[in-house]
Amino acid sequence: MDRSLLIHVAVLLGLTALAVSAAPAAEPAPDRQAALVHMVRQDCGSCHGMRLAGGLGPDLLPARLADLPDEFLVATILHGRPGTAMPGWQRFVDEDEAGWIVARLKTGFPELP
């Protein structure tokens, strides 16, 4: 992997870790939670599988995510993964919402209502 890409990813992870640890995550309002569930199931599901069990992207099931640091997963949601098909979603979710998504993914993501 290109050294500059590794440095870029490390900086993004560091900045996100600082932001995530600086303040406790706020719980999104119920209507926003429903919108986030819909987004993950539909938009993320288009690559990670509609049941989040894998597809073009890897599965997002609790067993696979359990040992990954929350800060890494939040950074991945917000900034994507350079050199892969994973886009950043920071235009659509903030850090607290990304943290909420990570917490739900690690416990079993809610189904669509």
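Source: prediction; values computed, not measured.

Asks: Can you explain the layout of surface pockets? Please cite residues and give values.
Replies: Here the largest pocket defines a volume of roughly 500 Å³. Lining the largest pocket are 27 residues; nearest its centre among them are H48, P58, L60, T76 and M86. Examining the composition of the lining of the largest pocket, we find that seven residues originate from one element, helix α2 (residues 30–48), more than from any other. For the lining of the largest pocket, the class distribution of residues is 19 nonpolar, five polar and three charged.

Asks: I'd love a proper account of the pattern of salt bridges, names of residues and values included.
Replies: Scanning all chains against the criterion turns up five salt bridges. Linking E111 and R41 is a salt bridge whose minimum nitrogen-to-oxygen distance equals 3.4 Å. Of this pair, E111 sits in the segment after α5 (95–107) while R41 sits in helix α2, and the two are 70 residues apart along the sequence. The exposure class of E111 is partly exposed, given its relative accessible area of 45%. A residue is classified by how much of its surface remains accessible, and R41, at 5% relative accessible area, is buried. K106 is paired through a salt bridge with D70; the nearest N and O atoms lie 2.6 Å apart. Taken together, the residues K106 in helix α5 and D70 in helix α4 (residues 70–79) connect sequence positions 36 residues apart. What you see here is one network of salt bridges that share partners, running through R41, R51 and E111.

Conventions we followed
- Residues numbered from 1 in each chain as written.
- Predicted model: local features only at pLDDT ≥ 70, side-chain atom pairs only at ≥ 80, totals over all residues.
- Heavy atoms only, no water.
- 1 Å grid on protein atoms, 1.4 Å probe; cavity = no way out; pocket = protein on both sides within 12 Å on 5 of 7 lines; lining within 4 Å.
- Points joined across faces, edges and corners; volume = space filled by probe spheres on them.
- Helix = DSSP H or I, 4+ residues; strand = E, 2+ residues; numbered from the N terminus.
- Nonpolar A, V, L, I, M, F, W, Y, C, P; charged D, E, K, R; others polar.
- Salt bridge = Lys/Arg side-chain N within 4 Å of Asp/Glu carboxyl O.
- Buried < 20%, exposed > 50% of the residue type's maximum accessible area, 1.4 Å probe, protein only.

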